[in-house]
Amino acid sequence: VGFDNKYVYCFSWLGRPVLQLPEDLVRVQEAVYRVRPDVIIETGIAHGGSLVFYAGLCRAMGHGRVIGIDVEIRPHNRAALEAHELFDLITLIEGSSVAAETVDCVRSLVAPGEKGFVVLDSNHTRDHVLAELHAYSPFVAVGSYLLAADGGIMTAAAGAPLAKPDWATNNPLHAIGQFLEGNTEFVRDQPSPVFNEGSITAGPSYWTGGWLRRVRTA
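Since the structure is predicted, the reported quantities are computational estimates derived from the model, not experimental observations. Per-chain numbering applies: the sequence of each chain, read as written, is numbered from 1 onward. Residue-level local features of this predicted model are given only where pLDDT is at least 70; pairs of side-chain atoms are given and counted only at 80 or more, and the full residue set underlies all totals for whole chains, interfaces and linings. Where side-chain values are given, they derive from all heavy atoms of the structure, hydrogens and water being excluded.

1. Considering the environment of aspartate 24
- Runs of H or I in DSSP of at least four residues are treated as helices and runs of E of at least two as strands, each being numbered from the N terminus. With respect to the helices and strands, aspartate 24 occurs in helix H1 (residues 22–35).
- Residues aspartate 24 and threonine 208, spaced 184 residues apart in sequence, show a C-alpha to C-alpha distance of 9.4 Å.
- At 2.6 Å, the side chain of aspartate 24 and the side chain of serine 205 are in polar contact. Polar contacts, as counted here, are pairs of nitrogen or oxygen atoms within 3.5 Å of one another; within protein the pair requires one atom able to donate a hydrogen and one able to accept it, and residues that are adjacent in sequence qualify only if both atoms are side-chain atoms.

So, in structure tokens, the structure goes:
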């Protein structure tokens, strides 16, 4: 019901639209605070609300910065981000997230040994996300996370009025399944709540099944 009524399209974070389920934002905040990454890399910018959200966490922790990547950064969104109070913690890269030159640009901005935390939230097709998983997994530090967003909601909403016919299989969760075949560096690991005195162990999320934790290097 929330998906069909575009529920996530009615929130903002510090002045920028943030197209995320509020519970997902709280949960990713818990993971970021636990990991305390040196750099948070997000593919898919849209209006920039998520970048501002992550930058705000970095400012509050006194540590970290954000790299945002999108195939098209619309001029009004770029202008709003560049004028934002937290833009000094944000670097924007315009280009396909899976293009070699884009990945090389990201690599030039991340020093060897820095602890990366990656969120994939651009094109959600299986093939694109699989290519992103291979391209951006090297930036993820042991103990940190790689999150492929929206696979859970795409699977659950398959067949709904606003969904595409192939969402049941053409989604990030299927990309993760392929990525993990023979991969011993990452495991599926939905972070558990830091605090929970209630009886609910799995709240509403668009990202269910999309969390990978790095457990070792090659």
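2. Observations regarding the packing of helix H5 (residues 126–136) against helix H7 (residues 172–180)
- Comment: axis = line fitted to C-alpha atoms, over the contacting stretch for helices; angle = value between 0 and 180 degrees taken between N-to-C directions. H7 packs onto H5 with a crossing angle of 45° between their chain directions and a minimal axis gap of 8 Å. Relative to H7, H5 is oriented oblique. Crossing of H5 over H7 shows right-handed handedness. Contacts from Arg126, Val129, Leu130, Leu133 and His134 in H5 reach Pro172, His174, Ala175, Ile176, Gln178 and Phe179 in H7.
- Each residue is assigned to one class: nonpolar for Ala, Val, Leu, Ile, Met, Phe, Trp, Tyr, Cys and Pro, charged for Asp, Glu, Lys and Arg, and polar for all the others, Gly among them. Of the residues contributing to the contact of H5 with H7, the split by class is 7 nonpolar, 3 polar and 1 charged. By the definition adopted for this analysis, an angle is roughly parallel if under 35 degrees, roughly antiparallel if over 145, roughly perpendicular if from 65 to 115, and oblique otherwise. By convention, the crossing between two helices is left-handed when the near helix turns anticlockwise from the far helix through less than a right angle, and right-handed when the turn is clockwise. Residue contacts follow a heavy-atom distance rule, with two residues in contact if any of their heavy atoms lie within 4.5 Å.

3. Observations regarding the packing of aromatic side chains
- Only the six-membered ring of Trp is used, alongside the rings of Phe and Tyr, when aromatic pairs are assigned; centres must lie within 6.5 Å, and planes under 30 degrees apart are stacked while those over 60 apart are edge-to-face, with the rest tilted. Summed over all chains, the structure comprises 9 aromatic pairs.
- Between the aromatic rings of phenylalanine 53 and tyrosine 54, the centroid separation amounts to 5.6 Å while the plane-to-plane angle is 70°, which identifies the pairing as edge-to-face. Both residues of the pair, phenylalanine 53 and tyrosine 54, count as buried.
- The interplanar angle of 90° and the centroid separation of 5.4 Å between the aromatic rings of tyrosine 145 and tryptophan 211 together place this pair among those described as edge-to-face. Of this pair, tyrosine 145 sits in strand E7 (residues 145–148) while tryptophan 211 is found in strand E9 (residues 211–214), placing the two residues 66 residues apart along the sequence. The two residues tyrosine 145 and tryptophan 211 agree in class, both being buried.
- Three or more aromatic residues joined by ring pairs make a cluster, and in this case those are Phe117, Tyr145, Trp207 and Trp211.
- Any Lys NZ or Arg CZ that is within 6 Å of a ring centre and within 35 degrees of that ring's normal is treated as a charge sitting over the ring. Sitting over the face of the ring of tyrosine 9, lysine 6 holds its NZ or CZ atom 4.6 Å from the ring centroid. Think of it in three bands: residues with accessible area under 20% of the maximum for their type are buried, residues over 50% are exposed, and the middle band is partly exposed, with areas taken using a 1.4 Å probe on protein chains only.

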